[in-house]
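If you want the building blocks of each chain, they are given just below.
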Amino acid sequence: MSGEELRGFLRKIRAVAVKVEGQLRDLVSVNDLSDESVIEPVSLDSTEGLEIYRHSTSHVMAHAVKDLFPGTMVAIGPATDEGFYYDFDMERALTPEDLEKIEKRMKDIIKKNSPFLRKEIRRDEANEFFRRMGEDYKVEIVEEIEDDHVSVYEEDGFVDLCRGPHLPSTGYIKAFKLLSIAGAYWRGDERNKMLQRIYGTAFADKAQVREYLDFLEEVKKRDHRRLGKALDLFSINEEIGPGLILWHPDGALIRKTIEDFWRDEHLKADYKLLYTPHIAKLNLWERSGHLDFYRENMYSPMEVEGINYELKPMNCPFHIAIFKSGLRSYRELPIRYEELGTVYRFERSGVLHGLLRVRGFTQDDAHIFCREDQIEEEILNVLDFTLFVLRTFGFDRYDIYLSTRPEKYVGSLDSWERATNALKMALDNKGLAYKIDPGEGVFYGPKIDIKVKDSLMRQWQCSTIQVDFNNPERFDVTYRGADGKEHKPIMIHRALMGSLERFFGILIEHYAGAFPLWLAPVQMAVITVAERHIEFAGEVLRGFKRSGIRAEPYFENEKVGYKIRQVSVRKVPYSVIIGDKEIESGLLPLRKRGGQQSGPYLPEDLVSGLAEEIGDRRLKLAL
Ligand SMILES: [Zn+2]
Ligand SMILES: [Zn+2]
């Protein structure tokens, strides 16, 4: 194939770059290659191709910003999973109107279709160049590069320090949109200067950009922080502290429903319920290895009678202590302990995010102590249990990952292999598809992670199942074997929802706040038409409550339409409206969330229908 034919072919398959001997390179570099080189085209339809496309768009954005606002210093501008951003240091506080101006300027730059030209220059030359340009951040980056040469890219006079590759020219960019402005510390460190970050996205065509904007609109509508406030479910109070959740009555009721379900199902599955304290002596965390491996996530100790105590970042050592409180025989194993255990972990204030990333949270934790010959069966049980719990909450799509031995690990290679095989066998046995995450296991053992997909197909890490040989060793945990000798049990750590806070956040977004009947804090609204209907409505309300249905009165002296709106804003699943006709007939018409009507029903039929709908969830899943 001649050079011309090759380029034609690459255009045809929408190549934006190439891989030469496995290395990403600019598309134009094929001109300089010898015939023997192994070339792999990188098309715009691939993840890498899209990344190059988006990153190139971020160059164009930086170019436009510098044109419009002279004196701006540019920091970094990578592609992200959803688009790209660039960080700027500038006097002016950017506004949404500025984004429109920048977009317009970007379109001009794209129209010019200037090539992205790569140049390799000596490091000291680059240092000198960016110093002269007043680009302090680039100088800082250049100074950290160890190679003698660095690459810079130029496009119509705008030069940026960059490894590349990029699109052949700006005209390749067909569809993009600038989305938002945010503050971002240089290098993500709050001790550094706050820069202004512009987020944008780019796709192969305009239809895809529109689709993405619709998705963002939906994400915004479902934002758990917004809905948490609108539905009065939870709050975070600056006076109390960031990352610490206050559960309001309706949120607390949902949490109680989740907790009741969780504990009941664990007792049915032969787990034993535990409660453990929130603090423990610092020495305990030394022994558990947390001080070595986990210190940056722990708070400073507090001194009590001359001894240091520490807020717990994990529940494991407490469960170990309970296991060790008696002599254990091989016949008793497996022993399964469960606890909704509240832990505290330090997270930088900059990364805290509503319920999803917090400083104090309650793990739905459990530890299984078993013999080595029981691992596989226990993993199978845990897998079944996990999927059952996830399905109950409406998640039936998920991705499973098996994380193997990391570089830093404890334990013998042999035991790692056996544990990894046990996890694999269990997954194969269940016929579950999974991906291997090489080297991503915990230092004490391999693990299975399950990431659920919500109604917008977004992925959330919730469940984790970890095999551990290390802690039984460290804490000298033993059981008496059939041979009369002491043996070390295997420990399985697992959480199904992850934490109640985070899971609640995910649920709010998954359901857009319209919880299914069994989870809804208020299941039934009883609405009166006029004051003369209150007495009868009160009896109906009490009837619902006696039957265990979470019902609330809407008896105020307001128009029915206004009360229906209140109920709908609160996303209450059902309501009954009581007027003269209902009192005369004793029959109640049922109004469903969204407005659909049915009935009228006898109150007792209504109650048994609702009870069935609430009960159905478990009946169906218990099969
Ligand atoms: Zn670049
Ligand atoms: Zn644990």
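Our next topic: the environment of Gln 566. Turning to its location among the elements, Gln 566 is positioned in helix α17 (residues 560–569). Overall, the relative accessible area of 29% leaves Gln 566 in the partly exposed class. Each C-alpha atom, one on Gln 566 and one on Leu 590, is 17 Å from the other, the two residues being 24 residues apart in sequence.

Our next topic: the packing of helix α4 (residues 123–132) against helix α5 (residues 136–144). Two numbers describe how α4 lies on α5: the axes approach to 8 Å, and their chain directions differ by 165°. Between α4 and α5, the crossing angle belongs to the class labelled roughly antiparallel. In terms of crossing hand, the pair formed by α4 and α5 is left-handed. Residue-level contacts link Arg 123, Ala 126, Asn 127, Phe 130 and Arg 131 of α4 to Lys 138, Val 139, Val 142 and Glu 143 of α5. Among the residues forming the contact of α4 with α5, the class breakdown is 4 nonpolar, 1 polar and 4 charged.

What follows deals with the coordination of the zinc ion (ligand 2). Ideal geometry at a metal centre: 109.5 degrees between donors when four sit tetrahedrally, and 90 or 180 degrees when six sit octahedrally. Each protein donor to the zinc ion (ligand 2) is listed here as Cys 316 (SG), His 367 (NE2) and His 493 (ND1); together their distances run 2.0 to 2.4 Å. Site description for the zinc ion (ligand 2): donor spacing in sequence, C-x50-H-x125-H. Of this pair, Cys 316 sits in helix α11 (residues 316–323) while His 493 sits in strand β25 (residues 490–499), and the two are 177 residues apart along the sequence. Residue Cys 316 shares its accessibility class with His 493, and that shared class is buried.

When its volume is computed, the second largest pocket comes out at roughly 740 Å³. What lines the second largest pocket is a set of 29 residues, among which His 55, Leu 161, Cys 162, Arg 163 and Gly 164 lie closest to the centre. The set of elements that each furnish at least two residues to the lining of the second largest pocket consists of α2 (47–68), β6 (117–122), α5, β7 (149–155) and β8 (158–161). In terms of residues, the lining of the second largest pocket owes the most to one element, α2, which gives 5 residues. Split into classes, the residues belonging to the lining of the second largest pocket amount to 13 nonpolar, 6 polar and 10 charged.

Definitions and cut-offs
Residues numbered from 1 in each chain as written. Chains lettered and ligands numbered in written order. Predicted model: local features only at pLDDT ≥ 70, side-chain atom pairs only at ≥ 80, totals over all residues. Heavy atoms only, no water. Helix = DSSP H or I, 4+ residues; strand = E, 2+ residues; numbered from the N terminus. Buried < 20%, exposed > 50% of the residue type's maximum accessible area, 1.4 Å probe, protein only. Axes fitted to C-alpha atoms, helices over the stretch in contact; angles between N-to-C directions. Parallel < 35°, antiparallel > 145°, perpendicular 65-115°, else oblique. Left-handed = near helix turned anticlockwise from the far one by under 90°. Contact = heavy atoms within 4.5 Å. Nonpolar A, V, L, I, M, F, W, Y, C, P; charged D, E, K, R; others polar. Donors = N, O, S within 2.8 Å, 3.2 Å for Na, K, Ca; no water. 1 Å grid on protein atoms, 1.4 Å probe; cavity = no way out; pocket = protein on both sides within 12 Å on 5 of 7 lines; lining within 4 Å. Points joined across faces, edges and corners; volume = space filled by probe spheres on them.

Any link to function would need more than the numbers given here.
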